[in-house]
Amino acid sequence: MTQAAINVAYLAASACFIVGLKLLSSVRTARAGNLVGAVGMLVAVAATLLDRRVVDWPPVVAGLVAGSLAGTLLAVRTPMTGMPQMVGLLNGFGGAASALVASAELLRAVEGRALPGAPVAVAIAASLLVGWITLTGSLVAFAKLQEFLPGRPLPLPFQKTVNALLALAGLGLAAWLAARPDASAAFWGLSAVALVLGVTLVNPIGGADMPVVISLLNSYSGLAACATGFALGNSALIVTGALVGASGFILTRVMCRAMNRSLANVMFAAVGTGGGTAAAAAAGRQARAFGAEDVALAFDAARRVVVVPGYGMAVAQAQHVVKELADLLAKKNIDVRYAVHPVAGRMPGHMNVLLAEAGVPYDQLLELDDANALLPETDVALVVGANDITNPAARTDRSSPIYGMPILDVDRARCVVFCKRSLGSGFAGVDNPLFFNPATMMFLGDAKESLKSLVAELKK
Amino acid sequence: MTIDGWIQLFLVFTLAVFLGFELISKVPPTLHTPLMSGSNAISGITILGALLIAGESGRSLFTWLGAAAIALAAANVAGGFLVTDRMLRMFRRRK
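Since the structure is predicted, the reported quantities are computational estimates derived from the model, not experimental observations. (Residues numbered from 1 in each chain as written. Chains lettered and ligands numbered in written order. Predicted model: local features only at pLDDT ≥ 70, side-chain atom pairs only at ≥ 80, totals over all residues.)

Visitor: A description of the overall build of chain A should follow, citing residues and the corresponding values.
Guide: Within chain A one finds 18 helices and 6 strands. Relative to the compact-globule value of 23 Å for 460 residues, chain A shows a C-alpha radius of gyration of 25 Å, a close match. Each principal axis of the C-alpha atoms in chain A carries an extent, and together these give about 80 × 50 × 35 Å. Residue burial in chain A is summarised as follows: out of 460 residues, 56% are buried. (Helix = DSSP H or I, 4+ residues; strand = E, 2+ residues; numbered from the N terminus. Rg over C-alpha atoms; globule rule 2.2 N^0.38 Å. Buried ≥ 20, exposed ≤ 12 C-beta atoms within 10 Å, placed from the backbone.)

Visitor: Would you mind going over helix α18 (residues 447-459) of chain A in detail, with residue names and values included?
Guide: Residue and element names in this part refer to chain A. Along its 13 residues, α18 runs 18 Å from first to last C-alpha, staying within 8% of the 18 Å computed at 1.5 Å per residue. Along α18, the residues classified as buried are Ala447, Lys448, Ser450, Leu451 and Leu454. Here the buried residues of α18 occupy an arc of 165° about the axis, which is enough to place them on one side. Turned more than 90 degrees off the buried face of α18, the exposed positions are Ala456 and Lys459. (Expected span 1.5 Å × (residues − 1). Arc of directions from axis to C-beta.)

Visitor: Kindly report on the nonpolar core, identifying the contributing residues and their values.
Guide: Ranked by internal contacts, the top residues of the largest apolar core, which has 197 residues, are A:Val417 and B:Ile70. Beyond its immediate chain neighbours, meaning those up to four positions away, B:Ile70 contacts A:Val60, A:Gly63, A:Leu64, A:Gly67, B:Ile47, B:Ala50, B:Leu51 and B:Ala54. (Core = buried A, V, L, I, M, F, W, Y, C linked by C-beta atoms within 7 Å. Contact = placed C-beta atoms within 7 Å.)

Visitor: An account of the confidence of the model for chain A is needed here, citing residue identities and associated values.
Guide: Taken residue by residue, chain A gives an average pLDDT of 89. The fraction at 70 or more is 95%. pLDDT under 50 marks residues 273-283 of chain A. Its contacts with residues more than four places away, or in other chains, come to 13 contacts. (pLDDT = per-residue confidence, 0-100.)

Visitor: Tell me about the domain arrangement of chain A, and name the residues and values.
Guide: Each assigned domain of chain A is listed with its residue range as follows: domain 1 (1-77), domain 2 (98-268) and domain 3 (277-459). On a C-alpha basis, the centres of domain 1 of chain A and domain 3 of chain A stand 42 Å from each other. (Domains from an automatic or database assignment.)

Visitor: I'd like a description of the sheet that holds strand β6 (residues 440-444) of chain A, backed by residues and values.
Guide: Residue and element names in this part refer to chain A. Read across the open sheet, the 6 strands follow the order β3-β2-β1-β4-β5-β6; overall the sheet is parallel. Where the open sheet ends on each side, the last strands, each with one partner, are β3 (365-366) and β6. Relative to strand β2 (residues 335-339), strand β1 (residues 304-309) is paired through 4 bridges, and the arrangement is parallel. Counterpart to Val305 in the pairing with β2 is Val336. (Pairing = 2+ DSSP bridges.)

Visitor: Could you give an account of unusual backbone geometry, with specific residues and numbers?
Guide: Residues and elements named next belong to chain A. One non-glycine residue, Arg113, lies in the positive phi region at around 50°. Structurally, the position occupied by Arg113 is in the loop between α4 (83-111) and α5 (118-145). Of note, the phi angle at Asn333 is positive, near 65°, even though the residue is not glycine. With respect to the helices, strands and loops of the structure, Asn333 is situated in the loop between α14 (319-331) and β2.

Visitor: Requested: an account of the pairing of strand β4 (residues 380-384) of chain A, with residues and values cited.
Guide: All names here are of chain A. Judged by how many residues are buried, β4 sits mostly within the fold: 5 of 5 residues are covered. The side-chain alternation of β4 yields two buried faces, one formed by Val380, Leu382 and Val384 and the other by Ala381 and Val383. Examined bridge by bridge, β1 and β4 share 5 bridges and lie parallel to one another. Bridge assignment links Pro309 to a residue of β4, and that residue is Val384. Note that β4 and strand β5 (residues 415-420) share 5 bridges and pair parallel. Counterpart to Val383 in the pairing with β5 is Phe418.

Visitor: Any details on the packing of helix α8 (residues 210-232) of chain A against helix α9 (residues 235-258) of chain A? Residues and values, ideally.
Guide: Residues and elements named next belong to chain A. Two elements in contact, α8 and α9, have axes separated by 7 Å at closest approach and are oriented at 160°. By the angle between their axes, α8 is roughly antiparallel relative to α9. At the point where α8 passes α9, the crossing takes the left-handed sense. Taken together, the residues of the contact of α8 with α9 break down into 17 nonpolar, 13 polar and no charged. (Axes fitted to C-alpha atoms, helices over the stretch in contact; angles between N-to-C directions. Parallel < 35°, antiparallel > 145°, perpendicular 65-115°, else oblique. Left-handed = near helix turned anticlockwise from the far one by under 90°. Nonpolar A, V, L, I, M, F, W, Y, C, P; charged D, E, K, R; others polar.)

Visitor: Could you give an account of the interface of chain B and chain A, naming the residues involved and the relevant values?
Guide: Between chain B and chain A, the contact holds 81 residues from the first and 98 residues from the second. Elements that contribute at least two residues to the side of chain B that touches chain A include exactly α1 (3-24), α2 (32-42), α3 (47-54) and α4 (61-90) of chain B. No other element matches the 30 residues that α4(B) contributes to the side of chain B that touches chain A. Counted by class, the side of chain B that touches chain A contains 49 nonpolar, 23 polar and 9 charged residues.

Written as structure tokens, this is what we have:
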């Protein structure tokens, strides 16, 4: 295949990605969009395989077979509750692949004594830095989400100083590599620093802030591909990487706004380290726990119920029994809606995916503003495994770490049923005054079991 | 590469960034996860560079770096597209 024909194929692939992303922005066309993107990828890969320079097949075929098999297994076998980990892991793979390509390109150039010019060397350095940060950052995020590491923030002593020094070292080594592409100390040093930096950047960030981290790493995986594109002079990589970089960045911004925090605050503040205890001491107020029978009475008298899902629903895998409950209530002519906070769960759209898995139609899901308009006219707000996103302290308590975060105003509903494992504070380590509200019924226990008993009670 | 060549690549990059912002800023929250896993899959485009490196004649350390990059990127691509489709199959409207 001539280079011109290959470039035409790359152009077609880029067009596919653009159209695919466009189609992904509406539920009706999203599946087609994903397919268009996959076709674009197939075209680009097929054209590259027909490139005259590709002659040594065993390494190529081995890589393709091993990778496709692993990816397929992951995609088919990961349960929906494991989606945040899976997406995180795939981000890491993409970043690592870009960094490896940049490394190989550099080593090849050095071996062939055809040193790259400064612009290419800068691109290679950028790809190494971003790509390796994406890999180890994603692995740490994966470990936290998979609970290999504790989900709470784990700041080291002098965390910020360490990160600042590492970042400076990374930039310095990148500059060195750009100036002297054959300096192997610069190459290995930069790779090592970037790998460590990925760990130290993500490690101090708590589980509740994972939606931001995952979005940001998504953006990085695109930027790494983009930098590799500059290193290879390949515009298909540049276009695609830029699209993904922009998309991840937008999601990051949406997540930060949903918490009313700056990206810098999410990255460096290690929210959730302490706290909770001070407010918990709030002088002898008692939260009232209720059994399934009492809770069922509240539902029997209701005309409208709004379900507020959170990460606890994912942990307990309670989405199916939530749907069962909603169907039962609908049969009793009760209007059931779902209020989904943008940062509920561990990645953007986490709750939407779980509810879709349970068969909840997506047009029953309300976004923040619509939900808050409806909550004052709601009889029962059923909070399933969510906490911080319903905490009224965000509206009123200036000293609260989550002050200013837009929340779902469940306290404005006539009655709140709070389905929760225990009376502990949320993932942000913040106490929730809603527990002590006279209109709140605490429904303690594993969300799945509690809701099952509620369903059984309502069927009587 | 010439200066003109670089300027062209930067032009492509700049336009793609703006296009990306335009395309994605209106995605509804329901689709945030599929958008992320789908865009994640296409970021596996870096596989093109890996294929050229691993497939080049003459084996060396970089051949195997390229093969490893192919495997990682292929996992990214296959896993990303498949899992996105798996999720999107589940989204349905009220009957």
